[in-house]
Amino acid sequence: MEYILSFFQQHIELIYIVILSIFLGVEVISRVPSVLHTPLMSGANAIHGVVIIGAIIVMGQAEADNYLALILGFLAVILGTVNVVGGFVVTDRMLEMFKKKK
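Every value quoted in this text rests on a predicted model; they were computed, and no experiment measured them. (Residues numbered from 1 in each chain as written. Predicted model: local features only at pLDDT ≥ 70, side-chain atom pairs only at ≥ 80, totals over all residues. Heavy atoms only, no water.)

### Some details on the overall build of the protein chain
Okay, so step 1: Scanning the protein chain from N- to C-terminus turns up five helices and zero strands.
Okay, so step 2: Overall, the protein chain shows an N-to-C arrangement of helices and strands of α-α-α-α-α.
Okay, so step 3: Taking 102 residues into account, the globule formula puts the C-alpha radius of gyration at 13 Å, and the protein chain, at 20 Å, lies well above it.
Okay, so step 4: Taking all 102 residues of the protein chain together, 12% fall into the buried category.
Okay, so step 5: Summarising the internal contacts of the protein chain: among those between residues at least 6 apart in sequence, 55% fall at separations of at least 24.
Okay, so step 6: Accessible area for the protein chain stands at about 8800 Å²; split by element, carbon and sulfur atoms hold 73% of it.
Okay, so step 7: If the 6 positive side-chain charges of the protein chain are averaged to one point and the 7 negative ones to another, these points end up 32 Å apart. (Helix = DSSP H or I, 4+ residues; strand = E, 2+ residues; numbered from the N terminus. Rg over C-alpha atoms; globule rule 2.2 N^0.38 Å. Buried < 20%, exposed > 50% of the residue type's maximum accessible area, 1.4 Å probe, protein only. Contact = heavy atoms within 4.5 Å. Areas by Shrake-Rupley, 256 points an atom, 1.4 Å probe, with all protein chains shown as cover. Lys, Arg positive; Asp, Glu negative; His and termini not counted. Charge placed at Lys NZ, Arg CZ, Asp CG, Glu CD.)

Here it is in structure tokens:
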């Protein structure tokens, strides 16, 4: 318990920043009109390709007998890929709505 309290005391500014970021994020997201929600989320999903790169780096740096790191890295690659592909699919569907019909 003392370790947790000392961690909070040493990193109080970072904890304040995280808490304020949460409130700011909730406030910003709640004010986004529903028309803009889909394009913003599809773009955010596509940006999550960074997760894939990070997972590949973790898997490459992990030792061969560190199964936890390998499994978590593999899961991160799979879930990140699904997220990126889903972002592109949603973006493509959204852009189809704005094309002129023949």
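Back to the text.
### As for the UniProt feature "transmembrane region" (unreviewed entry) in the protein chain
Okay, so step 1: Following the UniProt record, the feature "transmembrane region" (unreviewed entry) maps to residues 12-30, 42-61 and 67-91 here.
Okay, so step 2: As annotated, residues 12-30 has a helix share of 100% and a strand share of 0%, and its two end C-alpha atoms lie 27 Å apart.
Okay, so step 3: Taken end to end, residues 67-91 is 100% helix and 0% strand, and its first and last C-alpha atoms sit 36 Å apart. (UniProt positions renumbered as here; feature names shortened; annotations may be inferred.)

### Some thoughts on the environment of Leu-24
Okay, so step 1: Within the secondary structure, Leu-24 sits in helix 2 (residues 12-30).
Okay, so step 2: Take Leu-24: its relative accessible area is 56%, and that puts it in the exposed class.
Okay, so step 3: For Leu-24 and Gly-73, which are 49 residues apart along the polypeptide, the C-alpha to C-alpha distance reads 31 Å.

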